Amino acid sequence: MISIIIPTFNEKKNIRKIFLRLNKLGIVSEVIFVDDLSNDGTINEFYKLNKYKKFKYFIRKALPRDLSKSVVHGITKSKNKINIVMDCDLQHDPSYVKLLFKKFKSKNIDIVIASRFGGENFKANISFARTLASKFAIYVINLIFGKLTYDPLSGFFICNKNLVLKYKKRFFLKGYKILFDILYNSKKNISAEDIKINFKRRSHEKSKFNFQVIWLFFKQILYTKLVVKK
C-alpha cells in the first residue's frame, strides 16, 4: 500500500476532484494534503472530505509558505513506507499512480519520476516560455551535477519515505523543487528511472510559477554545489 502526499495552496476547486479519483485506487491507503495556510476556502473543502477513511489533511502554519517543507511534513506523517508526491492541480493525472507503483516495485531502484520530457519531446503542454525555462534549467543541472533523469524538476514521483527522512538535514528545503533535493542532496549513487507522462493543462486556479520560484531554485543549485557537493 502507498501514501499520496499532496502539498496545497489555494487549490479549492481541485481538491475534491483529485481526492475522489485517488480514493478509487486500491493500492492507495491514504491521501495526505498538507496546506500552506490557503486563503481561498480550501479548509472548507477539507472539512467536507473528512468522512472518507483515506482522507487526511494537515495545516502547516509556519511561515514563509513553502512547498518543499510541506512535502517533507506530509511524508513524515505518512503511515506507509512507499510514498508518491504529486501536485493538486490535476496536471499530474492520477491514472499514472499505478504505473509508477508497478515500475517502482518491479525494479531495485530508489525513485521513479513521472517525467514531462523524454527523448525528442520538447514541449510538455505548458507555455513555450515555461518549457524553455525548464529545459534550460535541466541542461544546467545535467552539466553541473550529471544526468539522473529527463525531468529533475518534476513534482510527481515515488520513493521510500526513508530516502527523504534520512537525508532531509542535507536538503535545501526551500522552494518548489523537492525532487532536486532528493536526487542531488540525498544518498550517493542514487538510482532513478522515468516514466513518460502527458502533463495536462491546468483547468482551475493559478500556477505558482514566478520570478521568486526561479530565484529560489538558483539559490538551491548554489547550495547544492557549494555546500553539499564541496
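See the structure shown above.
Because the structure is a prediction, the values reported are computed rather than measured.

Across its full length, the protein chain holds 8 helices and 7 strands. Out of the 230 residues belonging to the protein chain, those deemed buried represent 52%. With an accessible surface of roughly 11,500 Å², the protein chain has 56% of that area assigned to carbon and sulfur atoms.

On to the side chain of Gln220. Looking at where Gln220 falls in the secondary structure, it is placed in helix H8 (residues 211-228). Exposure remark for Gln220: the relative accessible area of 1% places this residue in the buried category. Of note is the side chain of Gln220, whose polar atom sits 3.4 Å from the side chain of Asp181. Every residue in contact with Gln220, bar those within four places of it in the chain, is listed here: Phe172, Lys174, Lys177, Phe180 and Asp181.

Moving on: the nonpolar core. Counting residues in each nonpolar core, the largest one holds 33 residues, and the members touching the most others are Ile111, Phe157, Ile178, Ile182 and Leu183. Listed by contribution, the elements that provide at least two residues to this core are strand S2 (28-35), helix H3 (67-77), strand S5 (111-115), helix H5 (128-145), strand S6 (157-160), helix H6 (161-165), helix H7 (178-185) and H8. Broken down by element, this core gets its largest block of residues, 6 residues, from H7. Excluding its chain neighbours within four sequence positions, the residues that come into contact with Ile182 are Ile111, Phe157, Leu163, Val164, Phe171 and Ile190. By size, the runner-up hydrophobic cluster in this structure holds 32 residues, among which are Ile6, Phe33, Ile82 and Phe156.

As a further point, take a nonpolar patch on the surface. A cluster of nonpolar side chains, contributed by Trp215, Phe218, Leu222, Leu226 and Val227, occupies part of the molecular surface with about 490 Å² of accessible area. Structurally, Leu222 is set in helix H8. Given a relative accessible area of 38%, Leu222 falls into the partly exposed group.

Tallied over the full model, the rule gives 14 aromatic pairs. Plain terms: the ring middles of Phe145 and Tyr184 are 5.3 Å apart, the flat faces sit at 40° to each other, and that makes the pair tilted. Placement of the pair is Phe145 in helix H5 and Tyr184 in helix H7, with a sequence separation of 39 residues. Tyr184 shares its class with Phe145; the two are buried. By the ring-pair criterion, three or more aromatic residues cluster together here, those being Phe19, Phe33, Phe46, Tyr47, Tyr52, Phe55 and Tyr57.

Let us now look at the side chain of Asp89. Here Asp89 is to be found in the loop between strand S4 (82-85) and helix H4 (97-106). Within the structure, the side chain of Asp89 is placed 3.0 Å from the backbone nitrogen of Gln91, a separation counted as a polar contact.

Below, the discussion takes up H7. Across the 8 residues of H7, 8 count as buried, placing the element largely inside the fold. Of all the positions in H7, only Ile178, Leu179, Phe180, Asp181, Ile182, Leu183, Tyr184 and Asn185 are classed as buried.

Moving on to the packing of helix H1 (residues 12-23) against helix H2 (residues 42-49). Interaxial distance between H1 and H2 falls to 8 Å at its minimum, and their mutual angle equals 25°. Between H1 and H2, the interaxial angle falls into the category roughly parallel. Of the two possible hands of crossing, H1 and H2 adopt the one that is right-handed. Note on element contacts: H2 touches H1 through Thr42, Glu45, Phe46 and Leu49, opposite Lys12, Ile15, Arg16 and Phe19.

Cut-offs applied
Residues numbered from 1 in each chain as written. Predicted model: local features only at pLDDT ≥ 70, side-chain atom pairs only at ≥ 80, totals over all residues. Heavy atoms only, no water. Helix = DSSP H or I, 4+ residues; strand = E, 2+ residues; numbered from the N terminus. Buried < 20%, exposed > 50% of the residue type's maximum accessible area, 1.4 Å probe, protein only. Areas by Shrake-Rupley, 256 points an atom, 1.4 Å probe, with all protein chains shown as cover. Polar contact = N/O pair within 3.5 Å; in protein donor to acceptor, adjacent residues only side chain to side chain. Contact = heavy atoms within 4.5 Å. Core = buried A, V, L, I, M, F, W, Y, C linked by side-chain atoms within 4.5 Å. Patch = residues over 30% accessible without salt bridge, like charges linked within 9 Å, V, L, I, M, F, W, Y side chains within 5 Å. Salt bridge = Lys/Arg side-chain N within 4 Å of Asp/Glu carboxyl O. Phe/Tyr/Trp six-rings, centres within 6.5 Å; stacked < 30°, edge-to-face > 60°. Axes fitted to C-alpha atoms, helices over the stretch in contact; angles between N-to-C directions. Parallel < 35°, antiparallel > 145°, perpendicular 65-115°, else oblique. Left-handed = near helix turned anticlockwise from the far one by under 90°.

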